[in-house]
Amino acid sequence: MQKVAGSCLCGAVSYRASAEPVFVAACHCRDCQKATGAAHSINVAVPADTLRVEGQLKPFHTTGGSGEAVARLFCPECGSHVLTDAAALPGLSMVQAGTLDDARWARPSMHIWCSSAQPWDQPPADASCYPQMPQI
Ligand SMILES: [Zn+2]
Ligand SMILES: [Zn+2]
């Protein structure tokens, strides 16, 4: 079983899901690039009602490329981006894969917003790639 459990950098916030992930998606949108400081985010989607979070997360609200609300939840102490909740994906919460205690299994099953992928960070040739946000 793939264990969805992890924490922020400082450990003030930790989480655990009792369900298996629904999908793992790498997102190359500009907002994810800005929010992560990296070339893409890696999102492990889990049913939101199976996710237990300990500690306080601070939300930052934007409108996603889909035109729907996106909340990025950060640890207010260390600034780690821990979760993303997108109105376009109701019922799901997306754990940021780098915060998992063990992320070895979290290989993205799809890459989205490939239209804004950096030229030096292209998805692998065998990956499922979508220019924007697909219907999930
Ligand atoms: Zn922290
Ligand atoms: Zn994104």
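**Q** What exactly am I supposed to notice about the pattern of salt bridges here?
**A** If the charged atoms of two oppositely charged side chains come close together, the side chains can form a pair. Enumeration over the complete set of coordinates arrives at two salt bridges. The salt bridge involving Arg52 is made with Glu54; its shortest N-O contact spans 3.4 Å. A residue is classified by how much of its surface remains accessible, and Arg52, at 59% relative accessible area, is exposed. When its relative accessible area of 46% is taken as the criterion, Glu54 is described as partly exposed. With its nearest N and O atoms 2.9 Å apart, the salt bridge here joins Asp102 to Arg104. Under the relative-accessibility criterion, Asp102 is labelled partly exposed at 30%.

**Q** How should the coordination of the zinc ion (ligand 1) be read in this particular structure?
**A** Six octahedral donors around a metal ideally make angles of 90 or 180 degrees; four tetrahedral donors ideally make 109.5 degrees. Protein-derived ligands of the zinc ion (ligand 1) are Cys8 (SG), Cys10 (SG), Cys75 (SG) and Cys78 (SG), with the metal-ligand distances lying across 2.3 to 2.4 Å. One can describe the donor arrangement at the zinc ion (ligand 1) as tetrahedral, given that its four donor atoms subtend angles of 107 to 113° at the metal. Sequence positions of the residues that donate to the zinc ion (ligand 1) give the spacing C-x1-C-x64-C-x2-C. Within this pair, whereas Cys8 is found in the loop between strand 1 (5-7) and strand 2 (14-17), its partner Cys78 is found in the loop between strand 7 (69-74) and strand 8 (81-86), the two being separated by 70 residues in sequence. Here Cys78 falls in the partly exposed class, since its relative accessible area comes to 26%.

**Q** Sorry, what's going on with the environment of Val13 here?
**A** As for its placement among the helices and strands, Val13 is situated in the loop between strand 1 and strand 2. Using a relative accessible area of 0% as the deciding quantity, one classes Val13 as buried. Each C-alpha atom of the pair Val13 and Gln56 lies 6.4 Å from the other, and the pair is 43 residues apart in sequence. Residues in contact with Val13, not counting those within four places in the same chain, are Ser7, Cys8, Val53, Glu54, Gly55, Gln56, Leu57 and Cys75.

**Q** What should I look at first to understand the sheet that holds strand 4 (residues 41-47) in this one?
**A** Sheets are built from strands that pair by backbone hydrogen bonding, the pairs being arranged parallel or antiparallel. The strand order across the open sheet formed by seven strands is 6-7-8-9-4-3-10, and the pairing between neighbours is mixed. Edge strands, defined here as strands with exactly one partner in the open sheet, are strand 6 (58-63) and strand 10 (110-112). Between one strand axis and the next, the sheet turns through 30° on average, direction left out of account. Where strand 6 meets strand 7, six bridges bridge the pair, whose relative direction is antiparallel. Looking across to strand 7, one finds that Thr63 is bridged to Ala69.

**Q** Please clarify how the nonpolar core should be interpreted in this entry.
**A** Buried together is how nonpolar side chains tend to be arranged in soluble globular proteins. By size, the foremost hydrophobic cluster in this structure holds 19 residues, and its most contacted members are Val4, Val44, Val95 and Leu100. Those elements that provide at least two residues to this core are strand 2, strand 4, strand 7 and strand 8. The contacts of Val4, once residues within four sequence positions are left out, are Tyr15, Arg16, Ala17, Ala19, Pro21, Val44, Val46, Val95, Leu100 and Trp105. Residues Cys27, Leu89, Met94 and Trp113 belong to the second largest nonpolar core, which totals 14 residues.

**Q** Could you clarify how one ought to interpret the sheet that holds strand 2 in this entry?
**A** Strand order in the open sheet formed by three strands is 1-2-5, with antiparallel pairing between adjacent strands. Edge positions in the sheet fall to strand 1 and strand 5 (51-54), since each has one partner strand and no second. Taken over all neighbouring pairs, the strand axes of this sheet differ in orientation by 15° on average, direction set aside. Sheet topology note: the strand 2/strand 5 ladder contains four bridges and is antiparallel. Directly across from Arg16, in strand 5, lies its bridge partner Arg52.

What counts, and where the lines are drawn
Residues numbered from 1 in each chain as written. Chains lettered and ligands numbered in written order. Predicted model: local features only at pLDDT ≥ 70, side-chain atom pairs only at ≥ 80, totals over all residues. Heavy atoms only, no water. Salt bridge = Lys/Arg side-chain N within 4 Å of Asp/Glu carboxyl O. Buried < 20%, exposed > 50% of the residue type's maximum accessible area, 1.4 Å probe, protein only. Donors = N, O, S within 2.8 Å, 3.2 Å for Na, K, Ca; no water. Tetrahedral: all angles 85-135°; square planar, octahedral: opposite > 155°, others 65-115°. Helix = DSSP H or I, 4+ residues; strand = E, 2+ residues; numbered from the N terminus. Contact = heavy atoms within 4.5 Å. Pairing = 2+ DSSP bridges. Axes fitted to C-alpha atoms, helices over the stretch in contact; angles between N-to-C directions. Core = buried A, V, L, I, M, F, W, Y, C linked by side-chain atoms within 4.5 Å.

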